[in-house]
Amino acid sequence: MRILACFFVIFNHTSNKGFFLFSTKPWGGGIWWIYILISVFCKFSVPLFWAISGALLLCKSEYSLKNLWIKRILKIVFLLFIYSAIYYIRKVLIGDEDLNVSRFLSVFYMGNWSHSYWYLYSFIAYLMCLPFLRTLAQNLSDQNYYHMFCLVIIFKDKYILYDYLIPEWLATDIVIYPCLGYFLETRYHISGKKIILLWCIDIITIFLTCFTTYLKIIYEGVCSETVSQTFYYSFVFINCVTIYVTVKWFISKILLSQKIIKIICAVGNNTLGIYLWHLLIMGTESYNKLWNYLISLKINDMLVAFIMCFIAMTIGFFITYIQKKIPLFQKYV
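All values derive from a computational prediction rather than experimental measurement.

## Observations regarding the overall build of the chain
And then number 1: Helix and strand counts for the chain come out as 17 helices and zero strands.
And then number 2: Taking 333 residues into account, the globule formula puts the C-alpha radius of gyration at 20 Å, and the chain, at 21 Å, falls close to it.
And then number 3: Based on the C-alpha atoms only, the size of the chain along its principal axes is roughly 55 × 55 × 50 Å.
And then number 4: Across the 333 residues in the chain, those meeting the buried criterion constitute 46%.
And then number 5: Relative to all contacts within the chain whose residues are 6 or more apart in sequence, the contacts with residues 24 or more apart total 78%.
And then number 6: Of note, the chain has its 28 positive side-chain charges centred 13 Å away from the centre of its 15 negative side-chain charges.

## What to know about helix H15 (residues 285–296)
And then number 1: Over its twelve residues, H15 extends 16 Å from the first C-alpha to the last, a length consistent with the 16 Å expected when each residue adds 1.5 Å.
And then number 2: Within H15, burial applies to Tyr-287, Trp-291 and Leu-294. Down the axis of H15, the smallest arc covering the buried residues is 65 degrees, so these residues share one side. Seen from the buried face of H15, the exposed residues on the opposite side, beyond 90 degrees, are Glu-285, Ser-286 and Lys-289.
And then number 3: Elements in contact with the buried residues of H15: helix H14 (271–282) and helix H16 (301–323).
And then number 4: Remark: Lys-298 follows H15 within two positions and exhibits a positive phi of approximately 70 degrees.

## Description of the environment of Tyr-177
And then number 1: Tracing the sequence through the fold places Tyr-177 in helix H10 (residues 173–186).
And then number 2: Given the relative accessible area of 0%, Tyr-177 is considered buried.
And then number 3: Along the chain, Tyr-177 and Glu-225 lie 48 residues apart, while their C-alpha atoms are 25 Å from each other.
And then number 4: Not counting the four nearest positions on each side in its chain, Tyr-177 is found in contact with Pro-47, Trp-50, Ala-51, Lys-156, Val-236, Phe-237 and Cys-240.

## Brief notes about the packing of helix H1 (residues 2–12) against H16
And then number 1: Contact geometry of H1 with H16 gives a least axis separation of 9 Å together with a crossing angle of 120 degrees. Classified by the angle between their axes, H1 and H16 sit oblique to one another. Of the two elements, H1 crosses H16, and the hand of that crossing is right-handed. Residue-level contacts link Ile-3, Cys-6, Phe-7, Phe-8, Ile-10 and Phe-11 of H1 to Met-302, Ala-305, Phe-306, Cys-309, Phe-310, Ala-312 and Met-313 of H16.
And then number 2: Residue composition of the contact of H1 with H16, grouped by class: 13 nonpolar, no polar and no charged.

## Remarks on the packing of aromatic side chains
And then number 1: With the rule as written, the count across this model stands at 43 aromatic pairs.
And then number 2: Between Tyr-88 and Phe-104, the ring centres sit 5.2 Å apart and the planes meet at 40 degrees, which makes this aromatic pair tilted. Of this pair, Tyr-88 sits in helix H4 (residues 65–93) while Phe-104 is found in helix H5 (residues 101–110), placing the two residues 16 residues apart along the sequence.
And then number 3: A residue is classified by how much of its surface remains accessible, and Tyr-88, at 4% relative accessible area, is buried.
And then number 4: For Phe-104, a relative accessible area of 6% translates into the label buried.
And then number 5: On the numbers, 6.0 Å between centres and 80 degrees between planes, the contact of Tyr-119 with Tyr-275 is edge-to-face. Of this pair, Tyr-119 sits in helix H6 (residues 118–128) while Tyr-275 sits in helix H14, and the two are 156 residues apart along the sequence. For the pair shown, Tyr-119 and Tyr-275 are each scored as buried.
And then number 6: Chaining the aromatic ring pairs together yields one cluster made of Phe-49, Trp-50, Tyr-87, Tyr-117, Trp-118, Tyr-119, Phe-123, Tyr-126 and Tyr-275.
And then number 7: Taking NZ or CZ as reference, Lys-17 lies 5.0 Å from the ring centre of Trp-291, over its face.
And then number 8: Against the face of Tyr-188 rests Lys-194, its NZ or CZ located 4.7 Å from the ring centre.

## Description of a nonpolar patch on the surface
And then number 1: A cluster of nonpolar side chains, contributed by Leu-65, Trp-69, Ile-70, Leu-74, Val-77 and Met-128, occupies part of the molecular surface with about 540 Å² of accessible area.
And then number 2: Considering every element that reaches the nonpolar patch, the biggest residue donor is H4, with five residues.

Calculation criteria
- Residues numbered from 1 in each chain as written.
- Predicted model: local features only at pLDDT ≥ 70, side-chain atom pairs only at ≥ 80, totals over all residues.
- Heavy atoms only, no water.
- Helix = DSSP H or I, 4+ residues; strand = E, 2+ residues; numbered from the N terminus.
- Rg over C-alpha atoms; globule rule 2.2 N^0.38 Å.
- Buried < 20%, exposed > 50% of the residue type's maximum accessible area, 1.4 Å probe, protein only.
- Contact = heavy atoms within 4.5 Å.
- Lys, Arg positive; Asp, Glu negative; His and termini not counted.
- Charge placed at Lys NZ, Arg CZ, Asp CG, Glu CD.
- Expected span 1.5 Å × (residues − 1).
- Arc of directions from axis to C-beta.
- Axes fitted to C-alpha atoms, helices over the stretch in contact; angles between N-to-C directions.
- Parallel < 35°, antiparallel > 145°, perpendicular 65-115°, else oblique.
- Left-handed = near helix turned anticlockwise from the far one by under 90°.
- Nonpolar A, V, L, I, M, F, W, Y, C, P; charged D, E, K, R; others polar.
- Phe/Tyr/Trp six-rings, centres within 6.5 Å; stacked < 30°, edge-to-face > 60°.
- Lys NZ or Arg CZ within 6 Å of the ring centre and 35° of its normal.
- Patch = residues over 30% accessible without salt bridge, like charges linked within 9 Å, V, L, I, M, F, W, Y side chains within 5 Å.
- Areas by Shrake-Rupley, 256 points an atom, 1.4 Å probe, with all protein chains shown as cover.
- Salt bridge = Lys/Arg side-chain N within 4 Å of Asp/Glu carboxyl O.

Right under this line is the structure:
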């Protein structure tokens with residue numbers, strides 16, 4: 001699950017070269033619909049990471065606030081600080097920023113030095129709430145879980161026009177998806193029939209998201225990454241559930257060799273490091289030259305995007321693997 005989520009997080013950051021490639025094609029054409037389907041589908045990635053975290057952390061018994069802050073929260077703060085400093089130094093070296101410690105600390109506190117690092121800030125907030133979320137998750141009845149999930153599916157995003165009607169706290173990523181992960185891991189019985197039903201619902205809602213996005217684009221006359229994602233997260237909850245249970249069921253049914261298991265575990269255990277490095281890798285001149293070279297070979301644009309995401313992930317894996325040999329970083333990444 002982590003590998004899938006990590007790959008599509010990287011894909012989500014390919015902009016008009018992959019994630020929003022459909023915006024460069026004639027609106028409403030066949031290839032346009034295929035590419036927007038991929039674009040909408042990939043949004044399960046971050047919710048899946050949250051669900052995995054809930055499955056792992058909300059199942060555990062209570063531990064002291066001291067351990068929570070020292071062993072978990074400060075670890076993420078440390079990583080966030082170190083990698084933000086790396087991004088900042090890179091900006092200084094290429095001339096986008098002047099060397100100014102005060103500005104670095106100001107942006108580090110009030111925003112972020114890499115647009116992908118919003119997740120780490122949010123994860124820190126999630127960890128701070130972990131004792132309350134664990135109590136909530138472990139004591140809800142199955143009926144209450146289904147009630148919660150229905151509320152989120154109906155009210156989560158932009159199909160409800162009046163903001164005050166939305167149960168906003170319940171629909172936040174750091175609440176609903178960790179609770180979902182806990183529920184799927186401890187309460188939900190997976191079967192082949194349920195998975196088929198989930199995929200049918202998932203496909204319908206993905207098409208609905210694409211269609212409403214298409215209507216918005218036609219109505220406004222604009223198709224861009226910054227303004228055309230209004231409906232993207234409306235049914236991502238269903239997509240996340242479908243991916244989670246499908247992967248879990250598949251792994252339980254397929255007999256994998258020890259070598260394959262070892263590779264999956266190795267990559268899965270390094271996805272945090274891959275996430276921390278991927279935008280630095282994708283921002284290098286060599287990486288973009290390779291991308292342009294593959295395009296020049298007349299390979300399909302979307303296929304090139306997938307290939308380049310795989311390359312970024314592979315490079316990030318080896319960097320992280322080497323980092324783990326360094327004592328300072330060994331227990332952090």
